[in-house]
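# Structural characterization, general
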Amino acid sequence: LLKRIYQESTEMKAAGGLPKDTFVYSLTNGQLFTEEYAKLFVKHGVGVSISIDGPKHINDTHRITKQRTSPFAKAAQAYHLAKQHGVDVGLSTTLTQEVVDNFDETLDFFIDDLGFRECITLFILHYTPCFTVEPTYYEKAALCIIKAHERFSALGITEDSMQKKIGAFSGRAPILAECGANGGT
């Protein structure tokens, strides 16, 4: 599948259907990411974003496998494996209520424990009956993104969510949905 995606995006660039500087990025929970995949990603110039929502006890609040086990160790291993092989790697983090409530701990984990120094995307939850959030969730989540942007910028780390919002604001173009899976930007 990865080879096919790379091949099709390369053909679309050549035909003018995509900008020449389009970069292919894969989003994964890391459960099946292996050294073989890391080498394949490097060979084809594909980046990867690993879904991790913070330290194990926060991450595992909502990210549990079908077998009811923790995906945390494999996700962290996938992140380190991708870095070790030179894959352009980032993090994808959903700002669940637990992440928002423990945001300083989460940021410390990413920077100090995981050694994160690349690009991160922080996703605010859209309404879903699967998640219960407190009435002030959206305001607190927005403040978390601002805090992350300030802290990461000081370290030279890109926080993608804030960059999109700055671009939308300066270009006077609203973002209707933040997550690509929802059809947004």
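The structure displayed is predicted, hence computed values, not measured ones. (Residues numbered from 1 in each chain as written. Predicted model: local features only at pLDDT ≥ 70, side-chain atom pairs only at ≥ 80, totals over all residues. Heavy atoms only, no water.)

### Observations regarding the pairing of strand 2 (residues 47-51)
- Taken across its five residues, strand 2 has five buried, putting it largely inside the fold.
- Burial of the side chains of strand 2 extends over both faces: Gly47, Ser49 and Ser51 are buried on one face and Val48 and Ile50 on the other.
- By the bridge criterion, four bridges tie strand 1 (residues 25-28) to strand 2 in an arrangement that is parallel. Of the residues in strand 2, the one forming a bridge with Thr28 is Ile50. (Buried < 20%, exposed > 50% of the residue type's maximum accessible area, 1.4 Å probe, protein only. Helix = DSSP H or I, 4+ residues; strand = E, 2+ residues; numbered from the N terminus. Pairing = 2+ DSSP bridges.)

### Comments concerning the pattern of salt bridges
- Scanning the entire structure with this criterion turns up eight salt bridges.
- Among the ionic pairs, Glu8 bridges to Arg4, the shortest N-O distance being 2.9 Å. Of this pair, Glu8 and Arg4 are both found in helix 1 (residues 2-15), four residues apart, which corresponds to roughly one turn of the helix.
- In this structure Arg4 comes out as exposed when scored by relative accessible area, which is 53%. (Salt bridge = Lys/Arg side-chain N within 4 Å of Asp/Glu carboxyl O.)

### Describing the packing of aromatic side chains
- This model, assessed by the stated rule, comprises seven aromatic pairs.
- Measuring from centroid to centroid gives 6.5 Å for Phe33 and Tyr37, while their planes differ by 25 degrees, and the two rings are stacked.
- The interplanar angle of 50 degrees and the centroid separation of 5.8 Å between the aromatic rings of Phe72 and Phe109 together place this pair among those described as tilted. Note that Phe72 is positioned in helix 4 (residues 72-84) and Phe109 in helix 6 (residues 103-113), a separation of 37 residues in sequence. The burial state of Phe72 is the same as that of Phe109; both residues are buried.
- Ring pairing ties together the aromatic residues Phe33, Tyr37 and Phe41, which thus form one cluster. (Phe/Tyr/Trp six-rings, centres within 6.5 Å; stacked < 30°, edge-to-face > 60°.)

### Some remarks on the nonpolar core
- The biggest cluster of nonpolar side chains holds 40 residues, and the ones touching the most others in it are Ile50, Ile52, Leu91 and Leu95.
- Listing elements by their share of this core, those giving two or more residues are helix 2 (35-44), strand 2, helix 4, strand 3 (89-95), helix 5 (97-101), helix 6, strand 4 (119-124) and helix 7 (137-154).
- Among the elements that take part in this core, helix 4 stands out by supplying seven residues, more than any other.
- Apart from residues lying up to four places away in sequence, Ile50 is in contact with Thr28, Ala75, Ala78, Tyr79, Val89, Gly90, Leu91 and Ser92. (Core = buried A, V, L, I, M, F, W, Y, C linked by side-chain atoms within 4.5 Å. Contact = heavy atoms within 4.5 Å.)

### Here we look at the side chain of Thr93
- The topology assignment puts Thr93 in strand 3.
- Among the polar contacts listed, one links the side chain of Thr93 to the backbone oxygen of Ile52, at a separation of 2.7 Å.
- Setting aside chain neighbours within four positions, we find Thr93 in contact with Ile52, Asp53, Phe110, Ile120, Thr121, Leu122 and Phe123. (Polar contact = N/O pair within 3.5 Å; in protein donor to acceptor, adjacent residues only side chain to side chain.)

### Re unusual backbone geometry
- Phi is positive for Arg68, which is not a glycine, with a value near 65 degrees.
- The residue Arg68 is located in the loop between helix 3 (56-59) and helix 4 in this model.
- Looking at Arg68, the relative accessible area reads 69%, which means it is exposed.

### With respect to helix 2
- Residues of helix 2 that are buried: Ala38, Leu40, Phe41 and His44. Down the axis, helix 2 shows its buried residues gathered within 165 degrees of arc, on one side only. Facing away from the buried surface of helix 2 by more than 90 degrees, the exposed residues are Glu36 and Lys43.
- Positioned one or two residues after helix 2, Gly45 has a phi angle of 65 degrees, which is positive. (Arc of directions from axis to C-beta.)

### A word on the confidence of the model for the protein chain
- For the protein chain, mean pLDDT is 84; residues scoring 70 or higher make up 86% of the total.
- In this model residues 177-185 is a low-confidence stretch, pLDDT under 50, and it forms 21 contacts with partners more than four residues away in sequence or in other chains. (pLDDT = per-residue confidence, 0-100.)

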